[in-house]
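Here is how the chains run, residue by residue.
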Amino acid sequence: MSLNISAFLGKKTDGLEARFIETFANLGFDVQLHPDLTLTKSSAEQVLYLRVTKTPVEFLRMEPATPLLIAFEFGVQKRGKKEPRSMLWPPRGVGNYSYTTISRTAAGRSESTAAMQILSMAILAKESEGYFYADGEDVASPGEVAFNQAVQEQNRFNRTNFDAYAYRFESWPPVDGIAPFAWPPKIVPPKSLTQKMPKRRFRFRYKFSWLQLPGILLVSYFILATLLYS
């Protein structure tokens, strides 16, 4: 199933890109954001690209010296000054916010992609003093709380290879939504290792409810409006 996570950014959005990278560094990562992207504006492709050149020393890696290319769907909508709320969106627990950021990864994603999606959205919520919401949760969490939970989840990479099925980084993909891009090869574990690896469950898992349908339609409208008027 897909993993859908929203971060409702608070008022602290100045210098957000630098603080985003710094927070990753404090966790032991070396992460670079695509040079043509910012965290408060959607690209034409609605995708966020990250280059991961270093992971925490305790993480298991098959190719520890290989930089990784991480990509997940990412859309941004600035909140209007008098934008009304509905009963279903934003979700319960969300206070004042300045931007809605929405991310998604599809079924079949690598564990590293899901981990970086969760961490990225938690960092955005934390650093902006905003809120974090994973579809299927009953209530949104303050950014600091979500960040601490996301960090705790990374302990599984003491037992599981972080880079299994991740893309090797060779070059930055274009972000104009037009130019072609040849995806680099993935890091594929040996068959014997694949058979021994147990399936992992994320706390932030998707559970569909019909009550979420109005919120999903509203999010789809925001993304479509961004594409039409950008």
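Everything discussed here concerns the structure shown above.
So, here's what we can say about the structure. No experiment lies behind these values; they were computed from the predicted model shown.

**Looking at the side chain of T66**
Structurally, T66 is set in the loop between β3 (47–54) and β4 (68–78). Take T66: its relative accessible area is 17%, and that puts it in the buried class. Polar side-chain contacts of T66 include one of 3.0 Å to the side chain of E63. With sequence-adjacent residues up to four places away left out, T66 is seen in contact with V52, R61, R168 and I187.

**Comments concerning helix α1 (residues 16–26)**
Residues of α1 that are buried: L16, R19, F20, T23 and F24. One side of α1 carries all its buried residues, which in axial view fall inside an arc of 140°. Backbone geometry just downstream of α1 places G28 in the positive-phi region, at approximately 100°.

**Some words on the packing of α1 against helix α2 (residues 111–127)**
Direction vectors running N to C along α1 and α2 enclose 125°, while the axes themselves pass 10 Å from each other. The angle between α1 and α2 places the two elements in the oblique class. Pair α1 / α2 crosses with right-handed handedness. Of α2, the residues touching α1 (which contributes L16, R19, F20, T23 and F24) are M116, L119, S120, I123, L124 and E127.

**So, unusual backbone geometry**
The backbone phi angle of E129 is positive, close to 60°, even though this residue is not glycine. Here E129 is to be found in the loop between α2 and β6 (131–134). The phi dihedral of Y165 falls on the positive side, at around 65°, and the residue is not glycine.

**So, the side chain of Q117**
Turning to its location among the elements, Q117 is positioned in helix α2. For Q117, a relative accessible area of 0% corresponds to the buried category. Sequence-distant contacts of Q117, that is, excluding residues within four places in its chain, are made with L3, I5, F72, S103, R104 and T105.

**Concerning the packing of aromatic side chains**
Within the structure shown, the criterion is met by 12 aromatic pairs. Summarising the aromatic geometry, the rings of F20 and F24 are spaced 5.2 Å apart at their centres and angled 85° between planes, so their arrangement reads as edge-to-face. Of the two residues, F20 and F24 both sit in helix α1, 4 residues apart, roughly one turn of that helix. Taken together, a centroid distance of 5.0 Å and an interplanar angle of 80° make the contact between F169 and W172 edge-to-face. Each member of the aromatic cluster is reached from another via a ring pair, and the members are F20, F24, F29, F59, F157 and F162. Lying over the aromatic face of F147, K126 brings its terminal NZ or CZ to 5.2 Å of the ring centre.

**Brief notes about the pairing of β3**
Across a regular strand the side chains alternate sides, sitting on one face of the sheet and then on the other. As defined by bridge partners, strand β2 (residues 30–33) adjoins β3 across 4 bridges and the pair is classed as antiparallel. Note that in β3 the partner of V31 across the bridge is V52. In this structure, β3 lies alongside β4, joined through 6 bridges in antiparallel fashion. Residue pairing for β4: R51 is matched across the bridge by L69.

Criteria and cut-off values
Residues numbered from 1 in each chain as written. Predicted model: local features only at pLDDT ≥ 70, side-chain atom pairs only at ≥ 80, totals over all residues. Heavy atoms only, no water. Helix = DSSP H or I, 4+ residues; strand = E, 2+ residues; numbered from the N terminus. Buried < 20%, exposed > 50% of the residue type's maximum accessible area, 1.4 Å probe, protein only. Polar contact = N/O pair within 3.5 Å; in protein donor to acceptor, adjacent residues only side chain to side chain. Contact = heavy atoms within 4.5 Å. Arc of directions from axis to C-beta. Axes fitted to C-alpha atoms, helices over the stretch in contact; angles between N-to-C directions. Parallel < 35°, antiparallel > 145°, perpendicular 65-115°, else oblique. Left-handed = near helix turned anticlockwise from the far one by under 90°. Phe/Tyr/Trp six-rings, centres within 6.5 Å; stacked < 30°, edge-to-face > 60°. Lys NZ or Arg CZ within 6 Å of the ring centre and 35° of its normal. Pairing = 2+ DSSP bridges.

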